[in-house]
Amino acid sequence: SPEGGYPTEEYHNKLAELRGGVESASPAFFEAVKKDHEEAQAILDKEAVERRKEEQERVNSGQTEDHDSRKLKFDDRLRMAEANKKEGNELFKDGNFAHAAERYVKSIGHCAKMFDVSEAQRDIVNILKEACYLNLGMCWFKLDKMDKAIENCSECLTLNPLNAK
């Protein structure tokens, strides 16, 4: 072997030669492996399309699963609500309206889980909910779901009848 080893191209050529020899010695085996791989890939592709379709239907219907039943301190829950709103804002800016809507719904969900709050805390939560309902209304508008857009904007007006947006 030369000092520093063989050139990479030589290794690739030898590997290709060996592969060709093995494949020509048992073509039926390699054809069966290829067929199995193609069938498995087709199943995975079909399942991925179905998952995306189900996810889009769930988002379009406004249904989101929320399994967060933890009892958290006000500040912790507020931080989670604000984080979801911020993520929604980023997704919206990127034109990802369906996923942005999901984040706003999660933020509103966190707000709904804030109990026994002071008047000042309630005001903070209502300001956050107001912004989320407005943003959610805009998401539904962009997704051409006018009924949902109107519904969310109405929720915003319930919180603040003077909101001009």
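A. Region of interest: the nonpolar core. Formed by 19 residues in total, the largest nonpolar core has its most connected members in Tyr104, Met114, Leu128 and Leu136. Elements with a contribution of two residues or more to this core: α3 (74-93), α4 (97-112), α5 (119-142) and α6 (146-159). Top element by residues in this core is α5. It accounts for eight residues. In this structure, Met114 is in contact with Phe74, Arg77, Leu78, Ala81 and Val125, ignoring residues within four places of it in sequence.

B. Expanded view of the packing of aromatic side chains. Under the criterion given, the structure shown has two aromatic pairs. Arranged with centres 5.2 Å apart and planes meeting at 85°, the rings of Phe29 and Phe30 form a pair that is edge-to-face. The class for Phe30 is partly exposed, based on a relative accessible area of 30%. Between the aromatic rings of Phe92 and Phe97, the centroid separation amounts to 5.0 Å while the plane-to-plane angle is 65°, which identifies the pairing as edge-to-face. According to the relative accessible area criterion, Phe92 is partly exposed, its value standing at 24%. Over the face of the ring belonging to Trp140 we find Lys148, whose NZ or CZ atom lies 5.3 Å from the ring centre.

C. Geometry of α5. With 24 residues, α5 extends 34 Å between its outermost C-alpha atoms, agreeing within 8% with the 34 Å of an ideal straight helix rising 1.5 Å per residue. Within the sequence span of α5, burial applies to Val125, Leu128, Lys129, Glu130, Cys132, Tyr133, Leu134, Leu136, Gly137, Cys139 and Trp140. Just downstream of α5 lies Asp144, where phi reads positive at about 60°.

D. The packing of α4 against α5, seen in detail. Relative to each other, α4 and α5 sit at 155°, their axes nearing to 9 Å. Looking at the two axes, α4 sits roughly antiparallel to α5. The element α4 and its partner α5 pack so that their crossing is left-handed. Of the residues in α5, those touching α4 at Phe97, Ala100, Ala101, Tyr104, Val105, Ser107, Ile108 and Cys111 are Val125, Leu128, Lys129, Cys132, Tyr133, Asn135, Leu136, Cys139, Trp140 and Lys142. When its residues are assigned to classes, the contact of α4 with α5 shows 14 nonpolar, two polar and two charged.

E. Region of interest: the environment of Leu72. By the secondary structure assignment, Leu72 is in the loop between α2 (27-61) and α3. Among the residues examined, Leu72 registers a relative accessible area of 28% and is labelled partly exposed. Once the C-alpha coordinates of Leu72 and Met114 are considered, the two residues, 42 residues apart in sequence, prove to be 8.3 Å apart.

F. Broad picture of α4. The terminal C-alpha atoms of α4 lie 22 Å apart, and with 16 residues this matches the ideal 22 Å at 1.5 Å per residue to within 8%. If you check which residues of α4 are buried, you get Phe97, Ala98, Ala100, Ala101, Glu102, Tyr104, Ser107, Ile108, Gly109, His110 and Cys111.

G. The pattern of salt bridges, seen in detail. Counted according to the given criterion, the structure contains four salt bridges. For Glu17, the salt bridge goes to Lys14, with nearest N and O atoms at 3.7 Å. Of this pair, Glu17 and Lys14 are both found in helix α1 (residues 8-25), three residues apart, which corresponds to roughly one turn of the helix. On the basis of relative accessibility, which here comes to 54%, the residue Glu17 falls in the exposed class.

Reading the values: rules and limits
Residues numbered from 1 in each chain as written. Predicted model: local features only at pLDDT ≥ 70, side-chain atom pairs only at ≥ 80, totals over all residues. Heavy atoms only, no water. Core = buried A, V, L, I, M, F, W, Y, C linked by side-chain atoms within 4.5 Å. Buried < 20%, exposed > 50% of the residue type's maximum accessible area, 1.4 Å probe, protein only. Helix = DSSP H or I, 4+ residues; strand = E, 2+ residues; numbered from the N terminus. Contact = heavy atoms within 4.5 Å. Phe/Tyr/Trp six-rings, centres within 6.5 Å; stacked < 30°, edge-to-face > 60°. Lys NZ or Arg CZ within 6 Å of the ring centre and 35° of its normal. Expected span 1.5 Å × (residues − 1). Axes fitted to C-alpha atoms, helices over the stretch in contact; angles between N-to-C directions. Parallel < 35°, antiparallel > 145°, perpendicular 65-115°, else oblique. Left-handed = near helix turned anticlockwise from the far one by under 90°. Nonpolar A, V, L, I, M, F, W, Y, C, P; charged D, E, K, R; others polar. Salt bridge = Lys/Arg side-chain N within 4 Å of Asp/Glu carboxyl O.

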